[in-house]
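# What the coordinates show
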Amino acid sequence: MPEEDQSVLQIQGRTSLKGQVTISGAKNSALAIMAGALLCPEDCRLRNIPSLVDVARMSQVLSALGVKIRRQDNILDVNASSIGKSKAPYEVVSQLRASFFVIGPLLARLGVARVPLPGGCAIGARPVDLHVRGLQALGAEVRIEHGIVHAYVHGSGGRLKGAKIYLDYPSVGATETLMMAATLADGETIIENAAQEPEVVDLANFCRAMGAKIKGAGTNAIAISGVERLHSVDYQIIPDRIEAGTFLVAGAITHSELVLSPVIPDHLTPVIAKLKTIGNRVIHEGGNCLRIVPGELRGTDIETLPYPGFPTDMQAQFMALLTLAEGDSVITETVFENRMRHVAELSRMGADIRIKGQNAIVRGVPLLSGAPVVATDLRASAALVLAGLAAEGTTTIQGLHHLDRGYENLEDKLRRLGAKIQRLTSDPQKENLASAEATKVTKNNGFQAPSL
Ligand code: EPZ
């Protein structure tokens, strides 16, 4: 585990922002597609890959499995032709839940996989029972011993067998794991009650570009016809809808007009709808540009749901916004059991929020006041940054290792928009842990990048 990062973000609040911000590639696409590259025994080129700690960790997992991987700016060249080991390293999997997704491609390619159970995290227990039951339906024998998931395909040359799978919950990760596993299975797989998130569709499009036969991604029923082998691909991932949503809220909470690009507006429908209900205008300026024009903030109710419902990953950011809205708002978190830990920190800044079960009742206040606060998880840290931008006075945010998992150069992007924000390290000599770790160039172990 990296030493506890002593850096803090310091924000002088009540500064209006102005200008255009570039949205990076989607973290949750990048992580799933990096796992998906294990399905391909040839070179894969992945473009628009954000420079994030989580991406660096997934690279470590792939390297540990024998994958040749090289980063060059936001391009990742991956070659999984000789994945020898089928065991992902515990010390990385325990820090990055998404690395559990490699179990599907490993089983599909090798007929065997040993992946540590991902621990829980700040927002919930994060079980993987839906992944495991789905893999068993595809013919794998799965047992869990000493915190390791051992999966094995007996007979039929170690090849999984297509099956009909019903997910009790439209889990994003389980849908992705099982869709990847099914691409090389023998026969037809149907995943019912599948997740419909844009990142699931992006993963499906990536697999189809490698020759997989997948229909229905983006609906609640996905059909996969297994093939013998997948082939090389050069693929660009989608922009990050949650980063875009975070910057839209930054415009609304600081009463600033901002332009964002590239974005895919259809991926932000519930977020845009809610911003308009609250009193802002959001204009699609053609192509992949969105403009937010702020208005007076009015309270509203929000319930997080699987896509196309309101995204749980935007709940904390909207709570920060609604602390300053006229009137009351009720925010209901239905996806994760413990995703309200930002409430205590927002309250330290003067917010009026009461929790009743999975509901937070937010009563608007005229002003927040800057304070020292601690981030508890990725999207909570984004919410604290947004609150700091709007608050009177100075806010210092600790726990930046959460933020750096999912936002590429957030403070640089905000500073370019005029925010008074800087990262202070306890030891000025110490390079910014995040940028060092996130842009760590994975050692180029003899990988010859294909020509661009
Ligand atoms: C993905 O996590 C995202 N992460 C999360 O983003 C996102 O919040 C979540 O989907 C929901 O949209 C990545 O894509 C890397 P789930 P995932 O499986 O796949 C329960 C962020 O901030 N469940 O859809 O882990 C689970 O406990 C992160 O970027 C089971 O019960 O989410 C949760 O309550 C946070 N059994 C619910 O389903 C299972 O086997 C949704 O989880 C799997 C999940």
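Please read these numbers as outputs of a predicted model, since none were measured by experiment. Each chain carries its own residue numbering, running from 1 in the written order of its sequence. Given that the model is predicted, a residue must reach a pLDDT of at least 70 before its local features are reported, and side-chain atom pairs must reach 80 or more before they are shown or counted; all residues, however, enter totals for whole chains, interfaces and linings. Hydrogens are left out, water is left out, and the side-chain values use all remaining heavy atoms of the structure.

## Some details on the overall build of the protein chain
This is how the line gets drawn: Only DSSP runs of H or I reaching four residues or more are called helices, and only runs of E reaching two or more are called strands; each is numbered from the N terminus. We compute the radius of gyration over the C-alpha atoms and compare it with the globule rule, which gives 2.2 Å times the number of residues raised to the power 0.38. Accessibility here uses a 1.4 Å probe with only protein chains present; expressed as a share of the type maximum, an area under 20% marks a residue as buried, one over 50% as exposed, and anything in between as partly exposed. Contact between two residues is taken to exist if any of their heavy atoms lie within 4.5 Å; hydrogens are not considered. For the accessible areas, the method is Shrake-Rupley and the probe is 1.4 Å, while residue cover comes only from the protein chains on display. We count Lys and Arg on the positive side and Asp and Glu on the negative side, and we leave His and both chain ends out. For this purpose, a charge sits on NZ of Lys, CZ of Arg, CG of Asp or CD of Glu.
Scanning the protein chain from N- to C-terminus turns up 15 helices and 23 strands. Whereas a compact globule of 452 residues would reach a radius of gyration of roughly 22 Å, the protein chain reaches 22 Å, a difference of no more than 12%. Counting only C-alpha atoms and orienting by the principal axes, one finds that the protein chain spans roughly 65 × 45 × 45 Å. The buried share of the protein chain, reckoned over its 452 residues, is 58%. Partitioning the intrachain contacts of the protein chain with sequence separation of at least 6 by distance along the chain shows that 75% fall at a separation of at least 24. Of the roughly 17,100 Å² of accessible surface on the protein chain, a fraction of 50% belongs to carbon and sulfur atoms. For the protein chain, the distance from the average position of its 46 positive side-chain charges to the average position of its 46 negative side-chain charges is 2 Å.

## Focus on the site of the ligand
Let me state the cut-off plainly: Only heavy atoms are used to decide nearness, and a residue is near a molecule or strand if one of them lies within 4 Å of it. Each polar contact in these results corresponds to two N or O atoms within 3.5 Å; when the atoms are within protein, one needs to be able to donate a hydrogen and the other to accept it, and residues that are neighboring in sequence are counted only if both atoms are side-chain atoms. Under the scheme applied, nonpolar residues are Ala, Val, Leu, Ile, Met, Phe, Trp, Tyr, Cys and Pro; charged residues are Asp, Glu, Lys and Arg; polar residues are all the others, including Gly.
In the vicinity of the ligand, 24 residues are found, and the nearest of them are R97, D129, S171, D313 and V335. Taking P127, its main chain carries an N or O atom lying 3.3 Å from an oxygen atom of the ligand. G173 is positioned with one of its backbone polar atoms (N or O) 2.8 Å from an oxygen atom of the ligand. Contributions of two or more residues to the shell around the ligand are made by helix 1 (27-36), helix 5 (129-137), helix 6 (172-182) and helix 12 (378-390). Looking at which element gives the most residues to the shell around the ligand, the answer is helix 5, with 3 residues. Considered class by class, the residues forming the shell around the ligand number 11 nonpolar, 5 polar and 8 charged.

## A word on the packing of aromatic side chains
This is how it is decided: Aromatic rings from Phe, Tyr and Trp, with only the six-membered ring used for Trp, were paired whenever their centres fell within 6.5 Å, and each pair was classed as stacked if the ring planes differed by under 30 degrees, edge-to-face if by over 60, and tilted otherwise.
Evaluation of the coordinates by the stated rule reveals 2 aromatic pairs. Both rings, one in F206 and one in Y235, keep their centres 5.6 Å apart while their planes meet at 70 degrees; by these two values the pair is edge-to-face. Here the residue F206 occupies a position in helix 7 (residues 198-209), and Y235 occupies one in strand 13 (residues 233-236), the gap between them amounting to 29 residues. The same class applies to F206 and to Y235, which are both buried. Here F310 and F318 contribute two aromatic rings whose centre-to-centre distance is 5.0 Å and whose plane-to-plane angle is 90 degrees, an arrangement assigned as edge-to-face. Each member of the pair, F310 as well as F318, carries the same accessibility label: buried.

## Side note on the sheet that holds strand 11 (residues 213-215)
Where we set the bar: Two strands qualify as a pair provided that DSSP identifies no fewer than 2 bridges between them. Orientation is described by axes fitted as lines to C-alpha atoms, over the contacting stretch for helices, and by angles from 0 to 180 degrees between their N-to-C directions.
With respect to topology, 4 strands assemble into an open sheet ordered 9-10-12-11, the strand pairing being mixed. What marks the edges here is a single partner per strand, and that holds for strand 9 (164-166) and strand 11. Ignoring which end each strand starts from, the neighbouring axes of this sheet average 15 degrees apart. Inspection of the sheet shows strand 9 paired to strand 10 (residues 188-192) by 3 bridges, in the parallel sense.

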